[in-house]
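Commentary on secondary and tertiary structure
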Amino acid sequence: MDTFDLPRRLAAEALGTGVLVATVVGSGIMAETLTKDVALALLCNTLPTGAILVVLITVLGPISGAHFNPAVTLVFTGKRELPPQEALLYVGAQIAGGIAGTMAAHLMFALPLIELSTKVRTGGAQWFAEAVAAFGLVATILAGIRFQRAAVPWLVGLYITAAYWFTASTSFANPAVAIARSLTNTFSGIRPVDLPGFILAELVGAFAGMLLMTWMLGRPKARGPVPIAETPR
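Here we summarise the structure given alongside this text.

A word on the packing of aromatic side chains. Inspection of the entire model under this criterion finds 2 aromatic pairs. Arranged with centres 6.2 Å apart and planes meeting at 75 degrees, the rings of Tyr 159 and Phe 166 form a pair that is edge-to-face. Classification of Tyr 159 as buried rests on a relative accessible area of 14%. Take Phe 166: its relative accessible area is 48%, and that puts it in the partly exposed class. Ring geometry for Phe 172 and Phe 198: centres 5.0 Å apart, planes at 70 degrees, overall edge-to-face. Within this pair, whereas Phe 172 is found in the loop between α6 (152-166) and α7 (175-181), its partner Phe 198 is found in helix α8 (residues 195-216), the two being separated by 26 residues in sequence.

Let's shift gears to the side chain of Ser 182. Mapped onto the elements of the fold, Ser 182 is located in the loop between α7 and α8. Reaching out from Ser 182, the side chain makes a polar contact with the backbone oxygen of Ile 179 at a distance of 2.6 Å. Excluding its chain neighbours within four sequence positions, the residues that come into contact with Ser 182 are Glu 115, Leu 116, Ser 117, Ile 190, Pro 192 and Leu 195.

At Thr 58, helix α2 (residues 38-64) shows its strongest bend, of approximately 35 degrees, with the proline Pro 62 following within four residues. The N-cap residue of α2 is Asp 37: its side-chain oxygen and the backbone nitrogen of Ala 39 are 3.0 Å apart. Phi for Gly 65, located one or two positions after α2, is positive at around 95 degrees.

Between two packed helices, the angle of one axis relative to the other and the distance separating the axes together describe the packing. α8 packs onto helix α5 (residues 124-147) with a crossing angle of 35 degrees between their chain directions and a minimal axis gap of 7 Å. Here α5 runs over α8; the crossing is right-handed. For the pair α5 and α8, the contacting residues are Gln 126, Trp 127, Glu 130, Ala 131, Ala 134, Phe 135, Val 138, Ala 139, Leu 142 and Ala 143 in the first and Gly 197, Phe 198, Ala 201, Glu 202, Gly 205, Ala 206, Ala 208, Gly 209, Met 210, Leu 212 and Met 213 in the second. The residue makeup of the contact of α5 with α8, split by class, is 15 nonpolar, 4 polar and 2 charged.

The next thing to look at is unusual backbone geometry. Generally, phi is negative for residues other than glycine and the peptide bonds are trans, each holding for most cases. Within the chain, Phe 68 stands out as a residue other than glycine whose phi angle is a positive 55 degrees. If you trace the backbone, Phe 68 turns up in the loop between α2 and α3 (70-78). Residue classification places Phe 68 among the buried positions, given a relative accessible area of 2%. The backbone phi angle of Ser 171 is positive, close to 55 degrees, even though this residue is not glycine. In this fold, Ser 171 is placed in the loop between α6 and α7. Classification of Ser 171 as buried rests on a relative accessible area of 4%.

Another aspect to go through is the pattern of salt bridges. In total, this model carries 3 salt bridges according to the counting rule given. Between Arg 8 and Asp 5 there is a salt bridge; the shortest N-O distance is 2.6 Å. With a relative accessible area of 35%, Asp 5 lands in the partly exposed category. Across the salt bridge formed by Asp 194 and Arg 191, the nearest N and O atoms sit 2.9 Å from each other.

Generally speaking, a soluble globular protein has its nonpolar side chains buried in company with each other. Residues Leu 20, Leu 137 and Val 156 are the most contacted members of the largest nonpolar core, which totals 43 residues. Those elements giving two or more residues to this core turn out to be α1 (6-34), α2, α3, α5, α6, α7 and α8. When residues in this core are grouped by element, the largest group, 8 residues, is from α2. Leu 20 has contacts with Thr 49, Ile 52, Leu 53, Leu 56, Asn 174 and Val 177, leaving out every residue within four places of it along the chain.

Calculation rules
- Residues numbered from 1 in each chain as written.
- Predicted model: local features only at pLDDT ≥ 70, side-chain atom pairs only at ≥ 80, totals over all residues.
- Heavy atoms only, no water.
- Phe/Tyr/Trp six-rings, centres within 6.5 Å; stacked < 30°, edge-to-face > 60°.
- Buried < 20%, exposed > 50% of the residue type's maximum accessible area, 1.4 Å probe, protein only.
- Helix = DSSP H or I, 4+ residues; strand = E, 2+ residues; numbered from the N terminus.
- Polar contact = N/O pair within 3.5 Å; in protein donor to acceptor, adjacent residues only side chain to side chain.
- Contact = heavy atoms within 4.5 Å.
- Bend = angle between axes of the 7 residues up to and from the residue.
- Axes fitted to C-alpha atoms, helices over the stretch in contact; angles between N-to-C directions.
- Left-handed = near helix turned anticlockwise from the far one by under 90°.
- Nonpolar A, V, L, I, M, F, W, Y, C, P; charged D, E, K, R; others polar.
- Salt bridge = Lys/Arg side-chain N within 4 Å of Asp/Glu carboxyl O.
- Core = buried A, V, L, I, M, F, W, Y, C linked by side-chain atoms within 4.5 Å.

All we've got here are geometric facts, nothing functional implied.
This is the structure:
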């Protein structure tokens, strides 16, 4: 990241978030077009999302770090790895890119550029699911960076693929993506009024993941020599 200036990093964040959202929204529209089976439609939405995350993190990660997610950006700011001023610009780029991604998906399927969603996604179970999804995402990223940095694109893609199915909320785990998805009245949408609960849950889960993994991944204390048992007299 040090070899790329801030404008290039912001462009990478906007582009990556935009392509991610276009994939989520576009594959959802395609799934609804091809089948009325909700389970099959969710599978058709899941696989492209996991796949594109592997691609985007691999090709854009060396430029910006491939956050594509305000919660992830704030975690790295909390770990003092990204200055607050740059973090705010990252978040702005991610939100703008996500909205552009929704508009691009709509253009590809001949829909209005913006359609406010009417899909209800609210309630304690959904919020808790989002906290779990964001917690797991942050834990995956931080542990992956520590132990298998080269595998992080695959780890994140596989985690989100799994979390689509084991969370009640289908694992948005991303405030920028949630905002962008409120602007599509299609399979992947969320009502704008439901955004605050989702975003708050995502941020809480992300910071909980950061706190736990910071402690868990802390350098172990050096151990002294193993005492030699006393020889019986």
